[in-house]
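Listed here are the chains, written in short residue letters.
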Amino acid sequence: FFPVKVLPLPTKLMFPVERNGHVGYSMLGLGDIVVPGIFLSFVYAYENGISQSRMSLLSASSPRSTSWSVFIWSRLNTVFARAMLGYVCGLLTSFFCNILFSAPQPALLYLVPMTLFPVYSMALQRKEFRQMWNYEPSGLSPEQSMQTMGSATFRELTGDEQP
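Residues numbered from 1 in each chain as written. Predicted model: local features only at pLDDT ≥ 70, side-chain atom pairs only at ≥ 80, totals over all residues. Heavy atoms only, no water.

Looking at the layout of surface pockets
Our working definition: Only protein atoms enter the 1 Å grid, on which a cavity is a set of points fitting a 1.4 Å probe that cannot get out and a pocket is an open set with protein on both sides within 12 Å along at least 5 of 7 lines, lining residues being those with an atom within 4 Å of a point. Grid points are joined across faces, edges and corners, and a volume is the space filled by probe spheres set on the points. We count a stretch as a helix when DSSP gives it H or I for four or more residues in a row; a strand needs E for two or more, and each element gets its number in order from the N terminus.
Space inside the second largest pocket adds up to approximately 190 Å³. Residue lining of the second largest pocket: 15 residues in total, with Ser26, Met27, Asn98, Pro104 and Gln105 positioned closest to the centre. Of all the secondary-structure elements, those providing two or more residues to the lining of the second largest pocket are strand 2 (22-29) and helix 3 (79-101). The greatest single-element share of the lining of the second largest pocket, amounting to 5 residues, is contributed by strand 2.

Structural data, given as structure tokens:
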């Protein structure tokens, strides 16, 4: 095992912006991508975890429709799609405010509310907020997940079956 001393990854994205005849740069930090990305991956996992039960209920209650509008609306009427749309709107708002005020703006100031609000409002609308808040992707409790992870790591390291 060798510790990593230097990690050659980009920590920011820079976009050229023209202000008063000068070319400057607008910066988007790695945290502005990673933090909402973690939240969006949670929302995607939640949506996929509950979609099987929801789809089976929908298919049992209504006949299969071949309408493209119904198909597209069913894909856009998801928590993940609305959260992703909120993220894009937050990025655009951040860049717009950066240009408007000619000063750096913290992107998370715009990304967090515009990503959380659609998820929160849709969860309340569907009466799924508590289910979403307590969602465990693996179906295990946090204690069971830690025990499983610890046992697997112990077996990998020692080759022994008994932790």
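Picking up where we left off.
Here's the deal with helix 4 (residues 108-126)
Basically, it comes down to this: To estimate how far a helix should reach, multiply one less than its number of residues by 1.5 Å. In this scheme, a residue with accessible area under 20% of its type's maximum is buried, one over 50% is exposed, and one in between is partly exposed, where area comes from a 1.4 Å probe on protein chains only.
Taking 1.5 Å as the rise per residue, helix 4 with 19 residues should run 27 Å; its terminal C-alpha atoms sit 27 Å apart, in good agreement. Burial in helix 4 covers these residues: Tyr110, Leu111, Thr115, Pro118, Val119, Met122 and Ala123. Immediately beyond the C-terminal end of helix 4, within one or two residues, lies Lys127, with a positive phi of roughly 60 degrees.

Side note on the pattern of salt bridges
Here is the rule: Salt bridge, as applied in this entry: a Lys or Arg side-chain nitrogen positioned within 4 Å of an Asp or Glu carboxyl oxygen.
Scanning all chains against the criterion turns up 2 salt bridges. Here Arg126 and Glu47 are joined by a salt bridge, their closest N and O atoms 3.7 Å apart. Of this pair, Arg126 sits in helix 4 while Glu47 is found in helix 1 (residues 30-61), placing the two residues 79 residues apart along the sequence. A relative accessible area of 24% places Arg126 in the partly exposed class. Arg126 serves as the salt-bridge partner of Glu128, at 3.9 Å between the closest nitrogen and oxygen. Sharing partners across several salt bridges, the network here consists of Glu47, Arg126 and Glu128.

Side note on the nonpolar core
This is how it is decided: Throughout this description, the term nonpolar core refers to a set of buried Ala, Val, Leu, Ile, Met, Phe, Trp, Tyr and Cys residues connected via side-chain atoms within 4.5 Å. In this analysis, two residues are considered to be in contact whenever any of their non-hydrogen atoms come within 4.5 Å of each other.
Val79, Val119 and Met132 are the most contacted members of the largest nonpolar core, which has 16 residues in total. Broken down by secondary-structure element, the contributors of at least two residues to this core are helix 1, helix 3 and helix 4. Among residues more than four places away in sequence, those in contact with Met132 are Phe42, Tyr46, Val79, Val119 and Ala123.

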